[in-house]
Amino acid sequence: TKENKAKKIFVFFTWRQTFLHKSNFRPAFRETSYYKKIESFITNQRLKNILVENKIELCVAFHHALKNQCKVDMSFKNFQDITIVEMGEISRYVQEADILVTDYSSLAFDFFFLEKPVLFYRVDEDDNTLEMSDRVDLNFAKSLDSKMFNVFYNEELLIDKLKFYIENDFLLENENLNILNDKFFTKKEIRR
């Protein structure tokens, strides 16, 4: 039964043009704010304690472009208590996971359609290594923050909200469901 299944937090951050650029000026991936903040989040001791206490599995995947170009999977292999999700398994985790943590991946729409919570964590707000195209994307996403919910720029506030959802069985709040229904999805009437 569903009650007996382990609860899962799915972490999926999307790619950046900066990391795919072929020039010699590309920053070392592990030196970017993007990488450092993701690493800090998934290895946060407070988060680990919450996950152990509540028997929650942390599942992490990266966009295939990042894995191919930056060897991201190798970066996280040494982290214990984290399930590394391969690209071919992502759709399974969309179904199985109870919540998504992302920057602005389109996977959010899959979770929203399933009425599962999504936490947006903007990891590279202050990253001066980003190319102009990535900065434009980030600024555009920031301009939409007020139309969304669960947008975070701070790791501890993000963990606070995760804890809230864990304590409330990962149920999306009614006011956020209303935002989804009003702004994202059209409900069709069933004709009999």
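Only a predicted model underlies this, so the values are computations on that prediction, with no experimental measurement involved. (Residues numbered from 1 in each chain as written. Predicted model: local features only at pLDDT ≥ 70, side-chain atom pairs only at ≥ 80, totals over all residues. Heavy atoms only, no water.)

Quick look at the sheet that holds strand β1 (residues 7–13) now. Spatially, the six strands line up as an open sheet ordered β3-β2-β1-β4-β5-β6, and their pairing is parallel. Two strands bound the open sheet, and with one partner strand each, they are β3 (82–84) and β6 (151–152). (Pairing = 2+ DSSP bridges. Helix = DSSP H or I, 4+ residues; strand = E, 2+ residues; numbered from the N terminus.)

Right, let's get into the pairing of strand β4 (residues 99–102). By the alternation rule, side chains of β4 split into Ile99 and Val101 and Leu100 and Thr102, which are all buried. Across three bridges, the pairing between β4 and strand β5 (residues 118–121) is parallel. By the bridge assignment, leucine 100 is partnered in β5 with valine 118. The parallel pair β4 and β5 is bridged by helix α7 (residues 107–113), and the resulting crossover is right-handed. (Buried < 20%, exposed > 50% of the residue type's maximum accessible area, 1.4 Å probe, protein only. Right-handed = clockwise from strand over helix to strand, strands pointing away.)

Time to look at helix α9 (residues 155–167). Think of an α-helix as turning once every 3.6 residues; residues three or four places apart then point the same way. Between the first and last C-alpha of α9 there are 18 Å, a value that for 13 residues agrees with the 18 Å anticipated at 1.5 Å per step. Listed in full, the buried residues belonging to α9 are Glu155, Leu158, Ile159, Lys161, Leu162, Tyr165 and Ile166. Down the axis, α9 shows its buried residues gathered within 160 degrees of arc, on one side only. Two to three positions downstream of the cap, the backbone nitrogen of glutamate 156 sits 2.9 Å from a side-chain oxygen, assigning the N-cap of α9 to asparagine 154. Following α9 by one or two positions, aspartate 169 adopts a phi angle in the positive range, close to 55 degrees. (Expected span 1.5 Å × (residues − 1). Arc of directions from axis to C-beta. Polar contact = N/O pair within 3.5 Å; in protein donor to acceptor, adjacent residues only side chain to side chain.)

Next up on the list: the packing of aromatic side chains. A complete count under the given rule lists nine aromatic pairs for this structure. Through successive ring pairs, a cluster of aromatic residues spans Phe10, Phe12, Tyr93 and Phe111. A cation sits over an aromatic face here: lysine 161 above phenylalanine 164, 4.6 Å from the ring centre. (Phe/Tyr/Trp six-rings, centres within 6.5 Å; stacked < 30°, edge-to-face > 60°. Lys NZ or Arg CZ within 6 Å of the ring centre and 35° of its normal.)

Looking now at the packing of helix α3 (residues 45–54) against α9. Packing of α3 against α9 leaves a shortest axis separation of 10 Å and a crossing angle of 10 degrees. Regarding the angle of α3 to α9, the classification is roughly parallel. For the pair formed by α3 and α9, the contact residues are Arg46, Leu47, Ile50 and Asn54 on the first element and Glu156, Ile159, Asp160, Leu162, Lys163 and Ile166 on the second. Grouping the constituent residues of the contact of α3 with α9 by class yields five nonpolar, one polar and four charged. (Axes fitted to C-alpha atoms, helices over the stretch in contact; angles between N-to-C directions. Parallel < 35°, antiparallel > 145°, perpendicular 65-115°, else oblique. Contact = heavy atoms within 4.5 Å. Nonpolar A, V, L, I, M, F, W, Y, C, P; charged D, E, K, R; others polar.)

Membership of the largest hydrophobic core comes to 51 residues, with the highest contact counts inside it found for Ile9, Phe10, Phe41 and Val101. Among the elements that take part in this core, strand β2 (residues 56–62) stands out by supplying six residues, more than any other. Non-local contacts of isoleucine 9, meaning those with residues more than four positions away in its chain, are made with Leu51, Ile56, Glu57, Leu58, Cys59, Ile99, Val101, Leu162, Ile166 and Phe170. (Core = buried A, V, L, I, M, F, W, Y, C linked by side-chain atoms within 4.5 Å.)

Side chains that differ in charge, positive against negative, can pair when their charged atoms come close. Summed over the entire model, instances satisfying the criterion amount to nine salt bridges. In this structure, the salt-bridge partner of aspartate 169 is lysine 7, at a minimum N-O distance of 3.3 Å. In this pair, aspartate 169 sits in the loop between α9 and α10 (174–183) while lysine 7 sits in strand β1, placing the two residues 162 residues apart along the sequence. On the basis of relative accessible area, aspartate 169 is assigned to the partly exposed category, the value being 47%. Given a relative accessible area of 21%, lysine 7 falls into the partly exposed group. Connected via shared salt-bridge partners are Lys8, Glu57, Arg92 and Glu96. (Salt bridge = Lys/Arg side-chain N within 4 Å of Asp/Glu carboxyl O.)

Worth remembering: the numbers are spatial, not functional.
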